[in-house]
Amino acid sequence: MLGALGISEFDERVYHAYLAEPDRTAREIAEHLGTTPSRIQHAVARLVELGVLRRERHGQYRPVSPRTALSALLAGRRADTEAAFTAVWDTIDDLASEYRVKRLQEDPTGLVEVITGEEAVTLRVAELTQSIRTHFWVLDRPPYLGPYSNELEEAFTMDLLGRGADIRSVYTPEALEQPGRFELITRLARRGEQARLLPALPFRLRIMDRRVALVALVGGRYDRIAVVHQSGLLDALLELFDVYWQRAQPLVSSPPETPDQPSTEDLLLLRMLQAGYKDQAIARQLGTSARTVTRRIAAIASRLGLETRFQLGTEAAKRGWI
């Protein structure tokens with residue numbers, strides 16, 4: 001049963017014997033198991049090395065709590081397994097790169113795949129996103145393909161964060177017009193996604209593990225994409241992403257706690273105001289009316305003794321709220 005933890009069947013029987021009667025000597029356990037004291041001593045040495053038995057005095061050993069000792073062994077084995085799988089993936093990636101380089105030398109057209117049609121694009125995008133392990137970098141702007149929901153995006157992002165992926169996203173205001181998406185992205189940003197904002201982007205781009213990129217080929221549509229593999233062209237797209245990333249402004253900050261700090265909802269409203277959203281667009285995000293948004297902005301400004309939205313934005317930035 002404990003073989004997966006490196007404990008042999010015989011060693012496990014010895015461990016059970018110590019659990020049943022911790023005060024027994026190696027000779028007594030040998031008699032109980034019908035074997036030699038020498039074999040018991042070797043098993044005890046292995047169990048001590050694994051941390052499931054501890055020496056109390058000469059010839060006397062006691063079991064460590066199974067929950068403590070075996071949980072530690074399990075955690076160690078899991079970490080070793082994950083490290084081994086990571087090493088295997090790296091080898092697979094290296095072999096795939098070798099294979100691709102050879103193929104490209106023979107047929108350079110394999111450098112870029114052109115995928116057309118909604119069904120084909122959906123399948124290829126799903127295939128590539130499921131294999132993400134280390135990086136997911138996005139220039140995000142409409143259009144989108146297929147059904148979208150905040151719930152699906154949150155589950156997808158949290159899964160990537162759980163894998164330890166480096167997620168960097170540059171959004172345009174139009175990308176965050178879906179009701180509730182602005183609030184979702186700010187929440188995900190507090191959980192680990194690095195989110196930034198720019199007024200406009202030239203196209204939609206996804207970079208996965210810095211090994212492949214997806215680029216929309218036709219403006220205003222996402223049913224024709226190019227899949228760019230490792231090459232000088234991919235290097236250029238990585239550099240391009242970095243240029244937009246450096247120009248973009250963080251979507252959220254970590255404002256210092258102050259007695260007069262606005263509520264979470266008001267901070268969200270201020271961030272959308274800073275991003276250039278009109279009252280109607282803010283209202284759609286918050287699920288309220290434009291008139292209510294206007295009143296809330298006026299109320300925040302009034303509390304600070306300000307008269308204009310420009311003054312409000314300047315003061316909010318100065319206080320580190322946005």
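Presented here is a report on the structure given in the accompanying data block. These figures come from a predicted structure and were not determined experimentally.

### Section: the overall build of the protein chain
A tally of helices and strands in the protein chain yields 12 helices and 10 strands. Taken over 322 residues, the protein chain has a buried fraction of 41%. Residue pairs at least 24 apart in sequence account for 68% of intrachain contacts in the protein chain once pairs closer than 6 positions are excluded. Carbon and sulfur atoms make up 53% of the accessible area of the protein chain, which amounts to about 18100 Å² in all.

### What about the nonpolar core?
By size, the foremost hydrophobic cluster in this structure holds 31 residues, and its most contacted members are L176, F182, Y277 and L312. Contributions of two or more residues to this core are made by α7 (181–191), β6 (194–197), α9 (264–274), α10 (279–286), α11 (290–303) and α12 (309–318). Top contributing element to this core by residue count: α9, with six residues. Those residues within four positions of L176 in sequence are excluded, and the remaining contacts are Y171, R181, F182, I185, L197, L251, Y277 and Q285. Core analysis: the next-biggest nonpolar cluster, separate from the first, contains 23 residues, L2, V44, V52 and Y61 among them.

### Digging into the layout of surface pockets
Each pocket or cavity is described by its volume, and for the largest pocket that value is around 790 Å³. For the largest pocket, the lining is made up of 28 residues, of which V125, Y148, F156, R204 and R206 are closest to its centre. Elements with a minimum of two residues in the lining of the largest pocket: α5 (118–130), β4 (135–140), α6 (150–162) and β5 (166–171). Residues belonging to the lining of the largest pocket are distributed by class as follows: 15 nonpolar, six polar and seven charged.

### Remarks on the packing of aromatic side chains
Under the definition given, this model contains three aromatic pairs. An angle of 85° between the planes, with centres 5.6 Å apart, marks the rings of F136 and F156 as edge-to-face. In this pair, F136 is assigned in strand β4 and F156 in helix α6, connecting sequence segments 20 residues apart. On the basis of relative accessibility, which here comes to 7%, the residue F136 falls in the buried class. A relative accessible area of 29% means that F156 is categorised as partly exposed.

### What to know about the pairing of β4
Buried residues dominate β4, accounting for six of its six residues. Of the two faces of β4, the one carrying H135, W137 and L139 and the one carrying F136, V138 and D140 are both buried. Where β4 meets β5, six bridges bridge the pair, whose relative direction is parallel. Each bridged residue has a counterpart across the sheet, and for F136 the counterpart in β5 is I167. Sheet topology note: the β4/strand β7 (residues 205–208) ladder contains four bridges and is antiparallel. The residue of β7 that forms the bridge with W137 is I207.

Rules of the game
- Residues numbered from 1 in each chain as written.
- Predicted model: local features only at pLDDT ≥ 70, side-chain atom pairs only at ≥ 80, totals over all residues.
- Heavy atoms only, no water.
- Helix = DSSP H or I, 4+ residues; strand = E, 2+ residues; numbered from the N terminus.
- Buried < 20%, exposed > 50% of the residue type's maximum accessible area, 1.4 Å probe, protein only.
- Contact = heavy atoms within 4.5 Å.
- Areas by Shrake-Rupley, 256 points an atom, 1.4 Å probe, with all protein chains shown as cover.
- Core = buried A, V, L, I, M, F, W, Y, C linked by side-chain atoms within 4.5 Å.
- 1 Å grid on protein atoms, 1.4 Å probe; cavity = no way out; pocket = protein on both sides within 12 Å on 5 of 7 lines; lining within 4 Å.
- Points joined across faces, edges and corners; volume = space filled by probe spheres on them.
- Nonpolar A, V, L, I, M, F, W, Y, C, P; charged D, E, K, R; others polar.
- Phe/Tyr/Trp six-rings, centres within 6.5 Å; stacked < 30°, edge-to-face > 60°.
- Pairing = 2+ DSSP bridges.

Worth remembering: the numbers are spatial, not functional.
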